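Letter by letter, the chains look like this.
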Amino acid sequence: MARVVRFHEHGGPEVLRIEDVEVPPPGPGEVRIRVKALGLNRAEALLRRGAYIETPHLPSGLGLEAAGIVDTLGEGVAGFAPGEAVSIVPPLSMVRWPAHGELATFPAELVVRHPPSLSWEAAAALWMPYLTAYGALVEIAGLDGEDFVIITAASSSVGLAAIQIANMIGATAIAVTRTSAKKQALLAFGAAHVIASAEEDLKARLQDITGPEGVRVVFDPVGGPIFGPLTAAMSRGGILIEYGGLSPEPTPFPLFAVLSKRLTLRGYLVHEITGDPARLAAAKAFILDGVASGALRPVIARAFPFEEIVAAHRFLESNEQFGKIVVTL
């Protein structure tokens, strides 16, 4: 038996329960790990509320990120041994492979030996944000040292990963955050410019920063009315990569900006990278090189003990964090 987090109905953090469950042995091609730390993401909150891209059968587990020790190997798995320290690339389905528990099972191809320099907490906070940012900025946008890149929701774990990747490449990162409360922290973290969208004229500030040439790359999980000023500040042939929908307001289609500037508006999910072995291998190499050099370092907003999983999810929904929320076991 192992303690796992499950929910029997959709709702807020209060629907989460820690239950004793018999965790089956790993199947062929799978690895079961004894979890030491978990990373929390918006996706878990959406699944719990019944608003995610997959629909669970209740009761359901959840969770996309974990780090821990190899416990048991499934049939046909080579290259790992019990007792090794590993972390997890987020699977396609957290309903099929939930991470929130003392024991968790994953496909072997998503299990990674993380650098020994990383703590359990940092290892659990690594893959979702950095794979998401890498796939958008490097694989799709082809970001280079001449580019400006707008990064909205900049204090999120993905936003911070994007700032680090932009700096690693030599691009100029423009961080957009809602208020000025996190402005100094973002500047200290490495953003070249920070704009508080609720307090400043976003379009005007972007034009002041980039001049008439505009911004080639926009990386946004928000949507909503912000599309207008973002596309107004973009350069000809620019690309806006949308990886979320945090705004509760409708997202207008900026027709004339798209037409006149020949813009690309591109929907994106990290599964594009994690589901392609060649692209995933390239992404892992890039991220591990960045970790080894010190250019990429996960930021932990706050760590909660496993017994406080409900409080951790409440903090996740508070929008107060700077970086990743983790849970330790």
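Structure's up top.
In this report, we go over the structure that sits alongside the text. All residue numbers refer to positions counted from 1 along the written sequence of the respective chain. Local features in a predicted model are, by the rule used here, given only for residues with pLDDT of at least 70; side-chain atom pairs are given and counted only at 80 or more, and totals for whole chains, interfaces and linings are based on all residues. Only hydrogens and water are set aside when side-chain values are computed; all heavy atoms of the structure are taken into account.

## As for the overall build of the protein
So, step 1. Helices and strands together make up the secondary structure of the protein, namely 11 helices and 15 strands.
So, step 2. Taken against the 2.2 N^0.38 rule, which gives 20 Å for 329 residues, the C-alpha radius of gyration of the protein at 20 Å falls within 12% of a compact globule.
So, step 3. Seen through its C-alpha atoms, the protein measures out along the principal axes to roughly 60 × 40 × 35 Å.
So, step 4. Exposure is judged per residue with a 1.4 Å probe applied to protein chains only, and the accessible area is read against the type maximum: over 50% gives exposed, under 20% gives buried, and values in between give partly exposed. Per-residue burial for the protein yields a buried fraction of 53% across its 329 residues.
So, step 5. A fraction of 69% describes how many contacts in the protein between residues 6 or more apart in sequence connect residues 24 or more apart.
So, step 6. Summed over its atoms, the accessible surface of the protein is roughly 13,500 Å², and 54% of this surface lies on carbon and sulfur atoms. Here a strand is any run of E in DSSP of at least two residues, a helix any run of H or I of at least four, and the numbering for each starts at the N terminus. In this treatment the radius of gyration is a C-alpha quantity, and the globule benchmark scales as 2.2 Å times the residue count to the 0.38 power. By definition in these notes, contact holds between two residues if any of their heavy atoms fall within 4.5 Å. Per-residue accessibility takes into account occlusion by the displayed protein chains alone, with areas from the Shrake-Rupley method and a 1.4 Å probe.

## Side note on the packing of aromatic side chains
So, step 1. The aromatic pairing rule takes the rings of Phe, Tyr and Trp, using the six-membered ring of Trp, and pairs them if the centres are within 6.5 Å, calling planes under 30 degrees apart stacked, those over 60 edge-to-face and the rest tilted. The tally for this structure, following the rule as stated, stands at four aromatic pairs.
So, step 2. Seen from their ring centres, Y134 and F286 are 5.0 Å apart, and the 50° between their planes marks the pair as tilted. Residue Y134 is located in helix α3 (residues 127-140), and its partner F286 is located in helix α10 (residues 277-293); the two are separated by 152 residues in the primary sequence.
So, step 3. Ring plane angle 20° and centroid distance 4.3 Å describe the contact between F219 and Y243, whose orientation is recorded as stacked. On the criterion of sequence distance, the pair formed by F219 in strand β11 (residues 215-220) and Y243 in the loop between β12 (234-242) and α8 (255-261) is long-range, its members being 24 residues apart. Comparing F219 with Y243, the two get one shared label, buried.

## Considering unusual backbone geometry
So, step 1. At the junction of L58 and P59, the peptide bond is cis and its omega measures out at -5° in the coordinates.
So, step 2. Its location among the elements puts P59 in the loop between α1 (42-49) and β4 (65-73).
So, step 3. Positive phi is not limited to glycine here, since R262 has a value of about 55°.
So, step 4. Turning to its location among the elements, R262 is positioned in the loop between α8 and β13 (264-267).
So, step 5. You can call R262 exposed: its relative accessible area is 55%.

## Things to note about the nonpolar core
So, step 1. One finds F106, L131, I163 and F219 to be the most contacted residues of the largest nonpolar core, which totals 87 residues.
So, step 2. With eight residues, α3 is the largest single contributor of residues to this core.
So, step 3. With residues up to four places along the chain from it excluded, the contact list for I163 reads I151, A154, A173, A175, L186, F189, G190 and A191.
So, step 4. Formed by 18 residues, the second largest nonpolar core is a distinct cluster that contains I150, V176, I209 and M234. Residues grouped as a nonpolar core are buried Ala, Val, Leu, Ile, Met, Phe, Trp, Tyr and Cys residues, joined through side-chain atoms within 4.5 Å.

## Thoughts on the side chain of Q321
So, step 1. Structurally, Q321 is set in the loop between α11 (309-316) and β15 (324-328).
So, step 2. A distance of 3.5 Å separates a polar atom in the side chain of Q321 from the backbone oxygen of L316.
So, step 3. Those residues in contact with Q321 that lie beyond four places of it in its chain are R42, S155, K182, A301, F315 and L316. Distance and chemistry together define a polar contact, namely a pair of N or O atoms within 3.5 Å, with one atom able to donate a hydrogen and the other to accept it when in protein, and with adjacent residues in sequence counting only for side-chain atoms on both sides.

## Looking at the pairing of β4
So, step 1. Should DSSP find at least two bridges between two strands, the strands are regarded as paired. Both strand β3 (residues 30-39) and β4 contribute to a ladder of eight bridges, which runs antiparallel. Following the sheet pairing, G39 is matched in β4 by E65.
So, step 2. As defined by bridge partners, β4 adjoins strand β5 (residues 85-88) across three bridges and the pair is classed as antiparallel. Bridged to A67 within β5 is S87.

## Some remarks on α11
One turn of an α-helix holds 3.6 residues; hence residues three or four places apart share an orientation.
So, step 1. Among the residues making up α11, those that are buried are I309, A312, H313, F315 and L316. The buried residues of α11 occupy an angular sector of 160° when projected down its axis, which confines them to one face. When we speak of the arc, we mean the arc of directions from the helix axis to the C-beta atoms.

## Thoughts on the environment of I309
So, step 1. Locating I309 in the fold gives a position in helix α11.
So, step 2. Along the backbone, I309 and S235 are 74 residues apart, and their C-alpha atoms lie at a distance of 44 Å.
So, step 3. Contacts of I309, omitting those with residues within four sequence positions, involve V5, L16, I18, H100 and V327.

## Looking at the side chain of D220
So, step 1. Along the chain, D220 turns up in strand β11.
So, step 2. Within the structure, D220 has its side chain in polar contact with the backbone nitrogen of G223 (distance 2.8 Å).
So, step 3. Discounting residues that sit within four places of it in the chain, D220 has contacts with T152, I226, F227, L230, I241, E242, Y243 and G244.

## Here we look at the sheet that holds strand β9 (residues 172-177)
So, step 1. Within the open sheet, the six strands sit side by side as β10-β9-β8-β11-β12-β13. Their pairing is parallel. A strand with exactly one partner marks an edge of an open sheet, and here the two such strands are β10 (193-196) and β13. Taking the axes of each pair of neighbouring strands and ignoring which way they run, one obtains an average angle of 20° across the sheet.
So, step 2. Sheet topology places strand β8 (residues 148-152) next to β11; three bridges connect them, and they run parallel. Pairing of I150 across the sheet is with V218, part of β11.
So, step 3. Note on method: axes are straight lines fitted to C-alpha atoms, helices fitted across the in-contact stretch only, with angles between N-to-C directions ranging 0 to 180 degrees. In this fold helix α6 (residues 202-210) packs onto β8, β9, β10 and β11, with an angle of close to 165° to the strand it touches most, β10.

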